[in-house]
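# Structural features, examined
Chain residues, written in single-letter form:
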Amino acid sequence: MTQSANAPASPDQGDRPNLLDLSFHQLEDFVTRLGEPPFRARQVWQWLWQKGAASPLEMTNLSKEMRARLDESAVIRLPVISKQLQSSDGTIKLLLDLGEGVGIETVLIPEKTHYTQCLSSQAGCAMACTFCRTGQMGLTRNLTHGEILGQILVARTVLASLDTKLSLRNLVFMGMGEPLLNYNNLLQSLESLHHPQGLDFSSRRVTVSTVGIVPGILEFGRAGLGALAVSLHAPDQALREKLMPKAAKALPLDKLLEVLKKIPLKPRENITFEYVLLGGVNDSPQQARDLVRILSHVKGKVNLIAYNASPGLPYDAPSPEAVEAFQKILWDKGITVTLRKSKGRDIFAACGQLLAASADE
Ligand code: SF4
């Protein structure tokens, strides 16, 4: 395990807007107001999202005058790494400082051919799921466009400093927060992600995970900007209310499944159902059979996650035998099921754990 920290944000940034918070069209308006033709926005956009400029003064294919005007009227403010941990399995967890005491987490998970990054969409979370440390913190605030996508820029810098050939290829919105409760900034971020002169991620490489929020889930499902994952975690309403009280009461399980049937899916697309196996709570063979039954009319696959016990939360990890038996019942009934390996166990890689541990220090 390693730890490091980068430099703190400059305090001298006043009320100037953060260029990373602007969508491409907002950036076009911004450069037009500075007296420049709109096409200059494309150059600035490339400097921000492809070349990693830390200041407008670095944008050397712009005139000196334009660089100076940009520098006077805007800043480039990235999240700052306050803690970096690397697990023995290669998982990297970053605790990021957004200023004014607001912190978030992002995790980089090495796969065979690439890294997957788990992004946060909010600082804290209002949903209060009882197995999640972020849920115990409550919501601090929504993240901006620049704070959501800035996590990717920070991650790329970290990966560039490592001795690895793997690049960042997949993004999952499964970090802190409920993405669909920060819908406008999420949508704007997803649109920016796909910009060919910017970060240029294919929508097939982006997954948004939600507990199920209406109308956002339908709007997102119809927008085609990424794959949908739904946090289910229980095969019946009563248990879901215990595990995810706010989400389950706001949108009961039967209604959630009805909504999901309305989401248009292309022939090879599926909805992913996330199911965290909690020892002795939702991991019995009967519950696996109940899960098969409720998913029988939805085009979906199941992603099982063996819970990492977290200090202060009343749940245990499932036994390996229970995990295997649960998975087998789903397989035998024809459901595509994957078991997500619990990576980064030694660095608190589950949602909200690092930030909570650091608050406890
Ligand atoms: S599991 Fe997700 S939605 Fe639930 S409290 Fe944690 S961050 Fe929020």
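## Quick word on the overall build of the protein
When helices and strands are tallied, the protein shows 13 helices and 12 strands. Over its C-alpha trace the protein gives a radius of gyration of 21 Å, about what one expects of a compact globule, namely 21 Å for 361 residues. Taken along its principal axes, the extent of the C-alpha atoms in the protein is 70 × 45 × 35 Å. Residues classed as buried in the protein amount to 53% of the 361 residues present. Long-range contacts, defined as pairs at least 24 residues apart, comprise 66% of the intrachain contacts of the protein with a sequence gap of at least 6.

## Considering the sheet that holds strand β11 (residues 300-306)
Note on sheets: strands pair through backbone hydrogen bonds, and any given pair is parallel or antiparallel. Read across the open sheet, the 10 strands follow the order β1-β2-β3-β4-β7-β8-β9-β10-β11-β12; overall the sheet is mixed. Across the chains shown, the open sheet's two edge strands, defined by having one partner strand only, are β1 (80-86) and β12 (337-340). The average undirected angle you get between the axes of adjacent strands in this sheet is 25 degrees. Pairing geometry for strand β4 (residues 114-118) and strand β7 (residues 167-173), over five bridges, is parallel.

## Overview of the pairing of strand β8 (residues 206-210)
The element β8 is extensively covered by neighbouring structure, given that five of its five residues are classed as buried. Of the two faces of β8, the one carrying V206, V208 and T210 and the one carrying T207 and S209 are both buried. Pairing geometry for β7 and β8, over three bridges, is parallel. Note on β8: the bridge partner recorded for F173 is V208. Tracing the backbone out of β7, into helix α6 (residues 183-193) and back to the parallel element β8 gives a crossover that is right-handed. Bridge count for β8 against strand β9 (residues 227-231) is four bridges, and the pairing is parallel. Counted as the bridge partner of V208 is L228 from β9.

## Describing the packing of helix α5 (residues 145-160) against α6
Look at α5 against α6: their axes get within 9 Å of each other, and the N-to-C directions meet at 45 degrees. If you check the angle between α5 and α6, you find them oblique. Viewed along their axes, α5 and α6 form a crossing whose handedness is right-handed. For the pair α5 and α6, the contacting residues are H145, I148, L149 and I152 in the first and N185, L186, Q188, S189, S192 and L193 in the second. Residue composition of the contact of α5 with α6, by class: five nonpolar, five polar and no charged.

## Quick look at helix α3 (residues 64-73)
Two residues of an α-helix separated by three or four positions point the same way, owing to the 3.6 residues in each turn. When α3 is considered as a whole, its buried residues turn out to be M66, R67 and L70. Taken around the axis of α3, the buried residues stretch over an arc of 100 degrees, which confines them to a single face. Opposite the buried face of α3, by more than 90 degrees, sit the exposed residues K64, E65 and E72. Residues of α3 that are buried sit in contact with α1 (24-33) and α2 (40-49).

## Some points on the domain arrangement of the protein
Domain boundaries assigned for the protein yield domain 1 (19-73) and domain 2 (80-360). Taken together, the contacts link 12 residues of domain 1 with 15 residues of domain 2. For the pair domain 1 and domain 2, the summed buried surface comes to about 1,100 Å²; carbon and sulfur atoms form 57% of the total. The largest contributions to the domain 1 side of the interface with domain 2 come from D21, W45 and W49, which together make up 52% of the buried area. Viewed at the interface, domain 2 and domain 1 are joined by zero salt bridges. Across the domain 1-domain 2 interface, the total number found is 10 residue pairs in polar contact (both at pLDDT 80 or more).

## With respect to the pattern of salt bridges
Applying the stated criterion across every chain, the model contains eight salt bridges. Between K93 and E105 there is a salt bridge; the shortest N-O distance is 3.0 Å. Taken together, the residues K93 in strand β2 (residues 92-97) and E105 in strand β3 (residues 103-110) connect sequence positions 12 residues apart. With respect to burial, K93 and E105 carry one shared label: buried. Salt-bridge contacts for D290 lead to R293; the nearest nitrogen and oxygen are separated by 3.6 Å. Here D290 and its partner R293 are both found in helix α11 (residues 285-294), three residues apart, which amounts to about one turn of the helix. Its relative accessible area of 17% is what places D290 among the buried residues. If you follow the salt bridges from partner to partner, you end up with E36, R40 and R69 in one network.

Procedures and definitions
- Residues numbered from 1 in each chain as written.
- Predicted model: local features only at pLDDT ≥ 70, side-chain atom pairs only at ≥ 80, totals over all residues.
- Heavy atoms only, no water.
- Helix = DSSP H or I, 4+ residues; strand = E, 2+ residues; numbered from the N terminus.
- Rg over C-alpha atoms; globule rule 2.2 N^0.38 Å.
- Buried < 20%, exposed > 50% of the residue type's maximum accessible area, 1.4 Å probe, protein only.
- Contact = heavy atoms within 4.5 Å.
- Pairing = 2+ DSSP bridges.
- Axes fitted to C-alpha atoms, helices over the stretch in contact; angles between N-to-C directions.
- Right-handed = clockwise from strand over helix to strand, strands pointing away.
- Parallel < 35°, antiparallel > 145°, perpendicular 65-115°, else oblique.
- Left-handed = near helix turned anticlockwise from the far one by under 90°.
- Nonpolar A, V, L, I, M, F, W, Y, C, P; charged D, E, K, R; others polar.
- Arc of directions from axis to C-beta.
- Domains from an automatic or database assignment.
- Buried area = accessible area lost by both parts, 1.4 Å probe.
- Salt bridge = Lys/Arg side-chain N within 4 Å of Asp/Glu carboxyl O.
- Polar contact = N/O pair within 3.5 Å; in protein donor to acceptor, adjacent residues only side chain to side chain.

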